[in-house]
Amino acid sequence: YDCYPHELSGGMRQRAALIRTMALEPDILLLDEPFSALDYQTRLTVSADIAAMIRKAEKSVILITHDLGIVAENCDKVAVMYAGQIVESGTLDDIYSDPQHPYTIGLFRSIPDLTSKQRRLEIIPGIMPDPSNLPKGCNFCTRCQYATERCKQEKPPVAQLSKSHAVLCWRNAEQEA
């Protein structure tokens with residue numbers, strides 16, 4: 001309380017910012033990588049505090065993160081983004097039980113599995129395109145194992161797989177038709 005910001009560690013500053021924000025009791029809380037500078041125990045505590053605030057006050061939280069574990073613990077609905085575009089969206093169960101976009105599938109395959117004897121993690125080949133020079137077709141086509149000529153030439157439509165699950169991919173759009 002009596003410290004200047006420069007006297008606090010990054011994690012302490014991050015906790016202070018979260019507490020200050022939560023004290024304002026906003027209707028919608030936008031959190032961008034809120035746990036990145038926190039140790040594991042503090043991450044659990046802060047995550048539980050945010051969940052309690054949401055339940056108690058019926059608030060909404062938009063959580064932006066690369067941590068799929070944090071998403072699984074805190075979210076009801078999920079939107080997966082690639083190159084600034086939502087490529088798959090649905091309920092937590094839709095995305096975690098039945099990922100459909102090749103990028104989403106790649107993300108899940110890159111998570112370490114302690115029960116597996118596999119020594120190396122799977123990676124998504126290639127590099128993300130320059131945001132100022134995106135491909136003509138699908139933004140993910142240069143890295144996608146399923147890419148066709150159509151993917152390279154035309155932007156894919158949204159394929160509505162169920163009432164709650166949508167994916168931006170020609171593979172799914174063709175199956176839907």
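Refer to the structure above for everything that follows.
All values derive from a computational prediction rather than experimental measurement.

Some thoughts on the overall build of the protein chain
Item 1. Each helix and strand counted, the protein chain has seven helices and six strands in total.
Item 2. Beginning at the N terminus, the succession of helices and strands in the protein chain can be written as α-β-α-β-α-β-β-α-α-α-β-β-α.
Item 3. Along the first, second and third principal axes, the C-alpha atoms of the protein chain reach 60 × 40 × 35 Å.
Item 4. Each of the 177 residues in the protein chain was classed as buried or not, and the buried ones make up 32%.
Item 5. For the protein chain, long-range pairs separated by at least 24 residues make up 43% of all intrachain contacts whose partners lie at least 6 apart in sequence.

A closer look at helix 1 (residues 10-23)
Each α-helix turn comprises 3.6 residues. Residues three or four places apart therefore point the same way.
Item 1. For helix 1, built from 14 residues, the straight-helix expectation of 20 Å at 1.5 Å per residue is met to within 8% by its first-to-last C-alpha distance of 20 Å.
Item 2. Along helix 1, the residues classified as buried are Gly 11, Gln 14, Leu 18 and Met 22. Relative to the axis of helix 1, the buried residues are bounded by an arc of 65° and lie together on one face. Exposed side chains of helix 1 directed beyond 90 degrees from the buried face belong to Ile 19, Arg 20 and Ala 23.

A closer look at the layout of surface pockets
Item 1. Considered as a void within the structure, the largest pocket measures approximately 1,100 Å³ in volume.
Item 2. Lining the largest pocket are 36 residues; nearest its centre among them are Leu 63, Ile 64, Thr 65, Val 71 and Ala 79.
Item 3. Mapped by element, the contributors of at least two residues to the lining of the largest pocket are helix 2 (40-57), strand 2 (60-64), helix 3 (68-74), strand 3 (77-82), helix 4 (92-97) and helix 5 (102-109).
Item 4. Residues of the lining of the largest pocket, tallied by class, amount to 25 nonpolar, five polar and six charged.

A few points about the nonpolar core
Item 1. Ranked by internal contacts, the top residues of the largest apolar core, which has 31 residues, are Phe 35, Ile 50, Tyr 103 and Phe 140.
Item 2. Of all the elements in the fold, those that place two or more residues in this core are helix 1, strand 1 (28-32), helix 2, helix 3, strand 3 and helix 7 (170-176).
Item 3. Contact partners of Phe 140, with chain neighbours within four places excluded, come to Tyr 82, His 101, Pro 102, Tyr 103 and Ile 124.

Quick notes on the side chain of Asn 172
Item 1. Checked against the element boundaries, Asn 172 lands in helix 7.
Item 2. When its relative accessible area of 2% is taken as the criterion, Asn 172 is described as buried.
Item 3. If we skip the residues at most four places from it in the chain, Asn 172 touches Gln 100, Ala 159, Leu 161 and Val 167.

Points about the side chain of Gln 100
Item 1. Here Gln 100 shows up in the loop between helix 4 and helix 5.
Item 2. At a separation of 2.8 Å, a polar atom in the side chain of Gln 100 contacts the side chain of Asp 98.

Criteria and thresholds
Residues numbered from 1 in each chain as written. Predicted model: local features only at pLDDT ≥ 70, side-chain atom pairs only at ≥ 80, totals over all residues. Heavy atoms only, no water. Helix = DSSP H or I, 4+ residues; strand = E, 2+ residues; numbered from the N terminus. Buried < 20%, exposed > 50% of the residue type's maximum accessible area, 1.4 Å probe, protein only. Contact = heavy atoms within 4.5 Å. Expected span 1.5 Å × (residues − 1). Arc of directions from axis to C-beta. 1 Å grid on protein atoms, 1.4 Å probe; cavity = no way out; pocket = protein on both sides within 12 Å on 5 of 7 lines; lining within 4 Å. Points joined across faces, edges and corners; volume = space filled by probe spheres on them. Nonpolar A, V, L, I, M, F, W, Y, C, P; charged D, E, K, R; others polar. Core = buried A, V, L, I, M, F, W, Y, C linked by side-chain atoms within 4.5 Å. Polar contact = N/O pair within 3.5 Å; in protein donor to acceptor, adjacent residues only side chain to side chain.

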